[in-house]
Amino acid sequence: MSQDKLLVALAGQPNCGKTTVFNMLTGARQHVANYPGVTVEKKSGRFSAEGHPVELVDLPGTYSLTSYSLEERVARDFILYEKPRAIINVADASNLKRNLYLTLQLFEMGTPVVLNLNMMDVAERRGIGVDVQGLAGYFGAPVVPTVGKKGAGGPQLKAAVAALAGAAPGAPFAVDYGPLEPSIAVLGDLLGTDEQVAQAYPTRWLAIKLLEGDTEAGALLARQHPGAGDIAARVQALRAEFELGAGLSADRHIAFTRHRVCADIFRRFVTVPGEKRRTLSDKADAVVCHRFAGPVILLCILLALYQISIVFGGWVAAQVWPVWGSLESFTEGVLPAAGFLDDPLLRSLGMWTVKSVTAILNYLPIFFLLFALIAILEDSGYMPRMAFILDRLFRRFGLHGQSTLPLILGGVYVGGCAIPAVMATKAIPDERARLATILVAPMMNCLAKVPLYLILIGAYFADQAGLAMFFIATVTLFMALPVAKALSLTVLRRRESAPFIMEMPPYHLPTVGGVLRRALERVWLFVKKIVTVVVAVAVIVFMLINFPNLGRERLADYAARQDAATAAFMAEVEKTAYKDQLTPEDVTALVLFEEDMKNAKRGVTDQAQADAINARFAGQNPVFYAIASREGKDGKTLNRALKGVANTRKELRRTMRAERFEASFLGVAGRALEPLTQWAGFNWRINIALLSAFAAKENSAATLGAIYGLDGSEGEGGSVEQSMQAGEEGFTPLHALALMLFMALYPPCIPASIMVRMQSNSSKWMLFSIGYQTLLGLFVATLVFTGGQTLGLTGFQAMWAFYGLCVAATVGMALIPEKSARELSGPQTKQPKEGLAS
């Protein structure tokens, strides 16, 4: 007999072991997405509780249920609007006094609560005893002890959920707010005058939130209640009346009362050792959070994380690349065959799209290692320590302690990637700091920028290459910090900025299963979201690069050169025994046959395997095989002629692509921008290279190579740099410096822009990120180039003058006080932060 599915919410404070309880209950039956309209991760899973199918939704970890942070609003709104049948409140049994603050607020929301005392093993090790039956009697609700990481208590927790499902709802536990109770009753009666509001929301809870001055509760009242104006006025009067009589505000009285109730519960039902023992976590924190040793340890951990995720992950990605290469080869095989000059549109678009997707999929080893390491840092308890150590410094620039990881991954020195950097901002709880980090992370030195740096430094700063590389590797941070502060004081000033409240949880040993599960969940979420968007963007960029096509005259000229190459080859054929076996239409197919045969044999060292490949190709076309494998005198003769045709084809295709690129919509845009970018020292060729870099920053160097007739393979010792110097006779070190700085500030590439859209949950912020970095980069490049020319500075002199300016700006911006969200948007509830790092 089927039964209705029960919707159950899992709630708890950070570091209470909520994730382990979720995994214990749901196992592998989990799904990860985002809550609608926000970037907060939504994890749901399924399990069966004594025959009842249950859908369990893991709410964000929060210390309370105010409207102060995005996570708090998401958790509260889910309970209000989704109406779960029950809430499993996970509380750290070894730190119960603080965890009960959230428990009281959950009971006030009127939904049946199962109190889950997790981490009982930690409590026992510390000599802490909990009267489980006494707590259950006090709250009038089930209380279940568990050890989530060991799976202990799971069946009992499921049984408690099943019992709630079959029981009639009773009166929830309520905190007695003493002298404020008459005001709560008056407001409850007023709110109950509207039947729709009374049925949708717990009127006592709404009355308490209004007396607290909760802004979201006020907005909810204004939207739902027909007498909202009169009730709001009555709330203000009751608040003023209470403050006059009690000598403190209603919100502070509510917060203090909850803390007193938590203390009373703790005193009655929890026993602690007479002499407080110094725990192992306390001893470790004496070193890990030390004023001097702490930053050194943090630096070593971040360096190790960077080396493992970015460097080692990059090596793994290179080893895995044959998998994606085989996908590209398979696609090549099923699409229409290539042409001599032009490929069929379906082939060109199909290969462009597949290569765009595989370029993103190639990051998967990096992302997997990154997510696994972040899970280890979170589960071990070190992540809050990292944020605590650096928060005081970063707060001066509108950032957060947890901004450290994104900046490191972005390439705070050289060699990061903006995509994982922006992804890592998800962990930042402060909305203003999170957005500021998202907007400056792409300014770090991602690995894709390095090829252009190396070309420019090798061509124009060869004698000072080390100093020039140090400059570009470090100046980005001195640009990003002042920019982050400027953003937090302007466009982000009204974004909420929560005070730094961070509990230092005890250290834990992460479980292998938990780490792997979370890493795989996040990688899969990334693949599902980004690949579909990349396909759409790839099609758009393909059109911009390839259309409109060349004019008829140019196409006719290339066709004539193709015919000449074909005719020359056929003239050689006429001199051999193959003259009746080959036609001009066979030439392109013969060139492709030889290429395929070479590719199939590339890297093959086993003679038996090589013989098998030869037999396969000989079976496909014996005539083509004889020429490709140089059989006999005629085969050798035609093979030499075929190489000439193949080289001509490559040259024609390369020059045709470069010419089509110049005539494309993107190329026309490059010329149109020249009047504006000339002040930064950029001509239309540089503009095209920079525009192409928006698809992927590696394109900037590759496009310059195509424009100057290079593929980067000819010659030794700086041929690319020398050819660029020859192609741009008026280009100076000052030009090169301006171009390097523009690339340093270059807007995020398409995949990174998509990630900005995903993490900010706003297309407006994505467009703002692209726009402000473009304008900022152009301003800096113009300042350096035009300013340097005006002052008569060399490129090297301008380099260090600008460096000094950036350092001075960083110090100056650090001294500017930043207004908090409280000062900008009015008073908000502030709770005592007993025992928290702040």
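Residues numbered from 1 in each chain as written. Predicted model: local features only at pLDDT ≥ 70, side-chain atom pairs only at ≥ 80, totals over all residues. Heavy atoms only, no water.

Of the regular secondary structure elements, the protein chain holds 37 helices and nine strands. The 838 residues of the protein chain split such that 52% are buried. Taking all contacts inside the protein chain whose residues are at least 6 apart in sequence as the whole, residues at least 24 apart take part in 76%. Put simply, the protein chain shows about 36700 Å² of open surface, and 60% of that area lies on carbon and sulfur atoms. (Helix = DSSP H or I, 4+ residues; strand = E, 2+ residues; numbered from the N terminus. Buried < 20%, exposed > 50% of the residue type's maximum accessible area, 1.4 Å probe, protein only. Contact = heavy atoms within 4.5 Å. Areas by Shrake-Rupley, 256 points an atom, 1.4 Å probe, with all protein chains shown as cover.)

As a further point, take the packing of helix H7 (residues 181–191) against helix H9 (residues 203–212). Contact geometry for H7 and H9: axes closest at 8 Å, N-to-C directions at 120°. As the angle between them shows, H7 and H9 are arranged oblique. Between H7 and H9 lies a crossing whose hand is right-handed. On H9, the residues touching Glu181, Ser183, Ile184, Leu187, Gly188 and Leu191 of H7 are Thr203, Arg204, Leu206, Ala207, Ile208, Leu210 and Leu211. Looking at the contact of H7 with H9 residue by residue, the classes come out as eight nonpolar, three polar and two charged. (Axes fitted to C-alpha atoms, helices over the stretch in contact; angles between N-to-C directions. Parallel < 35°, antiparallel > 145°, perpendicular 65-115°, else oblique. Left-handed = near helix turned anticlockwise from the far one by under 90°. Nonpolar A, V, L, I, M, F, W, Y, C, P; charged D, E, K, R; others polar.)

This paragraph deals with unusual backbone geometry. Note on backbone geometry: most residues besides glycine have negative phi, and most peptide bonds are trans. The amide bond that connects Phe547 to the next residue, Pro548, takes the cis arrangement and shows omega of -5°. Residue placement: Pro548 occurs in the loop between helix H23 (512–546) and helix H24 (552–573). For Met119, which is not glycine, the phi torsion reads 60° and is therefore positive. With relative accessibility at 7%, the residue Met119 sits in the buried group. We note that Asn761 has phi near 55°; this positive angle belongs to a residue other than glycine. Note that Asn761 resides in the loop between helix H34 (750–760) and helix H35 (763–791). When its relative accessible area of 29% is taken as the criterion, Asn761 is described as partly exposed.

Extensive coverage of strand E4 (residues 52–58) is indicated by the burial of five of its seven residues. As paired elements, strand E1 (residues 6–12) and E4 share five bridges and run parallel to each other. Bridge pairing in E4 links Val8 to Leu56. (Pairing = 2+ DSSP bridges.)

Turning next to the confidence of the model for the protein chain. Of all residues in the protein chain, 86% have pLDDT values of 70 or greater, and the mean over the chain is 82. By mean pLDDT, the top-scoring element of the protein chain is strand E8 (residues 143–145) (95), and the lowest-scoring one is helix H37 (residues 821–825) (41). Counted against residues more than four places away or in other chains, residues 709–719, with its pLDDT under 50, gives nine contacts. Within the model, pLDDT remains below 50 along residues 820–838, and this stretch shows 43 contacts once partners closer than five positions in the same chain are excluded. (pLDDT = per-residue confidence, 0-100.)

It is worth spelling out the packing of helix H3 (residues 96–108) against helix H12 (residues 250–269) at this point. Between H3 and H12, the least distance of the axes is 9 Å, while the angle of their chain directions is 115°. In this structure, the crossing between H3 and H12 has a hand that is right-handed. The residues of H12 that touch H3, namely those facing Lys97, Leu100, Tyr101, Leu104, Gln105 and Glu108, are Ala255, Arg258, His259, Val261, Cys262, Ala263, Ile265 and Phe266. Each residue belonging to the contact of H3 with H12 can be placed in one class, and the counts come to nine nonpolar, two polar and three charged.

Looking at where Thr103 falls in the secondary structure, it is placed in helix H3. Each C-alpha atom of the pair Thr103 and Val113 lies 8.6 Å from the other, and the pair is 10 residues apart in sequence. Beyond its immediate stretch of four places on either side in the chain, Thr103 contacts Asn89, Leu115 and Phe139. Reaching out from Thr103, the side chain makes a polar contact with the backbone oxygen of Asn99 at a distance of 3.4 Å. (Polar contact = N/O pair within 3.5 Å; in protein donor to acceptor, adjacent residues only side chain to side chain.)

With that out of the way, let us pick up the packing of aromatic side chains. What the rule picks out here adds up to 21 aromatic pairs. Measuring from ring centre to ring centre gives 5.0 Å for Phe139 and Phe173, while their planes differ by 80°; the resulting arrangement is edge-to-face. Residue Phe139 is found in helix H5 (residues 132–139), and its partner Phe173 is found in the loop between helix H6 (154–166) and H7; the two are separated by 34 residues along the sequence. Here Phe173 falls in the buried class, since its relative accessible area comes to 14%. Centre to centre, the rings of Phe768 and Tyr772 are 5.2 Å apart; their planes meet at 20°, and the pair counts as stacked. In this pair, Phe768 and Tyr772 both sit in helix H35, four residues apart, roughly one turn of the helix. On the accessibility criterion, Phe768 (26% relative accessible area) is partly exposed. In textbook terms, an aromatic cluster arises when at least three aromatic residues are bridged by ring pairs, as seen for Phe470, Phe471, Phe478, Phe796, Trp800 and Tyr803. (Phe/Tyr/Trp six-rings, centres within 6.5 Å; stacked < 30°, edge-to-face > 60°.)

Moving on: the side chain of Arg239. Within the fold, Arg239 resides in helix H11 (residues 228–246). With no salt bridge to any partner, buried Arg239 finds its closest opposite charge in Asp251, at an N-O distance of 4.2 Å. Excluding residues that lie within four positions of it along the chain, Arg239 makes contacts with Leu210, Leu211, Glu212, Gly213, Ala250 and Asp251. (Lys, Arg positive; Asp, Glu negative; His and termini not counted. Salt bridge = Lys/Arg side-chain N within 4 Å of Asp/Glu carboxyl O.)

Judged by how many residues are buried, H9 sits mostly within the fold: eight of 10 residues are covered. Once H9 ends, the next one or two residues include Gly213, with phi positive near 85°.

A few words now on the pattern of salt bridges. This model, assessed by the stated rule, comprises 22 salt bridges. Note that Glu431 is salt-bridged to Arg495, the shortest N-O span being 3.0 Å. Taken together, the residues Glu431 in helix H20 (residues 431–440) and Arg495 in the loop between helix H22 (465–489) and H23 connect sequence positions 64 residues apart. In this structure, the salt-bridge partner of Lys643 is Glu594, at a minimum N-O distance of 4.0 Å. Here Lys643, found in helix H28 (residues 632–663), pairs with Glu594, found in helix H25 (residues 586–601); they are 49 residues apart in sequence, far enough to count as distant. Where salt bridges share partners, they join Arg76, Glu108, Lys209, Glu212, Asp214 and Arg258 into one cluster.

Within the secondary structure layout, Gln773 lies in helix H35. At a separation of 3.1 Å, a polar atom in the side chain of Gln773 contacts the main-chain carbonyl oxygen of Leu745. Once residues within four sequence positions are removed from consideration, Gln773 is found in contact with Leu439, Pro442, Met443, Leu745, Tyr746, Pro747 and Pro748.

On the secondary structure map, His735 appears in helix H33 (residues 733–744). Along the chain, His735 and Thr782 lie 47 residues apart, while their C-alpha atoms are 9.9 Å from each other. Apart from residues no more than four positions distant in its own chain, His735 is found in contact with Gly681, Gly730 and Phe785.

Turning next to a nonpolar patch on the surface. A grouping of Leu345, Ile540, Met543, Leu544, Phe547 and Phe665 is seen on the molecular surface, where their side chains present a nonpolar patch of about 540 Å² in accessible area. The element that contributes the greatest number of residues to the nonpolar patch is H23, accounting for three residues. With respect to the secondary-structure elements, Phe665 resides in helix H29 (residues 665–677). (Patch = residues over 30% accessible without salt bridge, like charges linked within 9 Å, V, L, I, M, F, W, Y side chains within 5 Å.)

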